[in-house]
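# Structural features, examined
So you can see what is in the structure, the chains are spelled out below.
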Amino acid sequence: MKIVVVGGFGVGKTTLVRSVSEIRPLNTEETMTRAGEEVDDTSAVGTKTATTVAFDFGRITLDAHNVLYLFGAPGQERFWFLWDRLFSGTLGAVVLVDTRRIADSWYAIDRLEHHGTPFIVACNDFGGPAHTEAEIREALDLGEHVPLVECDARDRSSSKYVLITLIEHLRTQVARATPQALQETPV
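Residues numbered from 1 in each chain as written. Predicted model: local features only at pLDDT ≥ 70, side-chain atom pairs only at ≥ 80, totals over all residues. Heavy atoms only, no water.

## Comments concerning the overall build of the chain
- For the chain, the count of helices and strands is six helices and eight strands.
- Scored against the burial criterion, the 187 residues of the chain give a buried share of 45%.
- Expressed as a percentage of contacts within the chain between residues at least 6 apart in sequence, the contacts between residues at least 24 apart total 72%.
- Roughly 10400 Å² of accessible area belongs to the chain as shown, and the carbon and sulfur atoms make up 52% of that amount. (Helix = DSSP H or I, 4+ residues; strand = E, 2+ residues; numbered from the N terminus. Buried < 20%, exposed > 50% of the residue type's maximum accessible area, 1.4 Å probe, protein only. Contact = heavy atoms within 4.5 Å. Areas by Shrake-Rupley, 256 points an atom, 1.4 Å probe, with all protein chains shown as cover.)

Right, dumping it as structure tokens:
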């Protein structure tokens, strides 16, 4: 089962994949250079020294027949062209949000909605100003049907909770769609 973790530049996507993967994650991080400063807005990620340039990959074995494959997408605008390919075959996604920079999440939500990919939103704790759930929902124009959780991407149990929330959301959507699909099937 393929899951994608998306969000703005420096919101913790690589960190989330690293914290929860049972294998040493494959990552395509490269050292940030002065040349990147001309292209990427690094003002909000001052201590960041490396950045994902393709994707991160991790894995979690659920049981003998079910495995979660985690793909962390690059956050810089210049790599967004990769997202459409990463979304192919995806069951669902986590939109990771830094509440200090909520607007950086718009593109991820827009692309997921465009593809019809179910998603949840996880607010990664960077110690910024506290926002209520209603404020975050309003800022992101999120309906009540989209789960919104808080997390610390560095913490394995917190990252697992995010993924469990996504899987439960996907199961709920399948359960809602199944009776409707059965009613629409001609006899």
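Now that the structure has been shown, the text picks up again.
## Re the sheet that holds strand 8 (residues 148-151)
- The strand order across the open sheet formed by six strands is 4-5-1-6-7-8, and the pairing between neighbours is mixed. The two strands at the open ends of the sheet, each matched to only one other strand, are strand 4 (56-61) and strand 8. Strand-to-strand twist across the sheet, computed as the mean angle between neighbouring axes with direction ignored, equals 25 degrees.
- Of the strand pairs in this sheet, strand 4 and strand 5 (residues 67-72) are connected by six bridges, and their pairing is antiparallel. Residue pairing in the sheet places Ile60 in a bridge with Leu68 of strand 5.
- Contacts from helix 1 (residues 13-20) reach strand 1 (2-7), strand 4, strand 5 and strand 6 (92-98), with the element oriented near 30 degrees to strand 4. (Pairing = 2+ DSSP bridges. Axes fitted to C-alpha atoms, helices over the stretch in contact; angles between N-to-C directions.)

## Details of the state of the cysteines
- On inspection of all chains with the given rule, the structure shows zero disulfides.
- The closest cysteine sulfur to the non-disulfide-bonded Cys123 is located on Cys151, 7.7 Å from its own sulfur.
- Cys123 sits in the buried class, given a relative accessible area of 6%. (Disulfide = S-S within 2.5 Å.)

## Topic: helix 1
- Among the eight residues that make up helix 1, six are buried, leaving the element largely enclosed by the rest of the structure.
- Those residues of helix 1 lying buried are Lys13, Thr14, Leu16, Val17, Ser19 and Val20.

## Quick notes on the environment of Ser159
- On the secondary structure map, Ser159 appears in helix 6 (residues 156-184).
- In sequence terms Ser159 and Ala122 are 37 residues apart; their C-alpha atoms lie 9.3 Å from each other.

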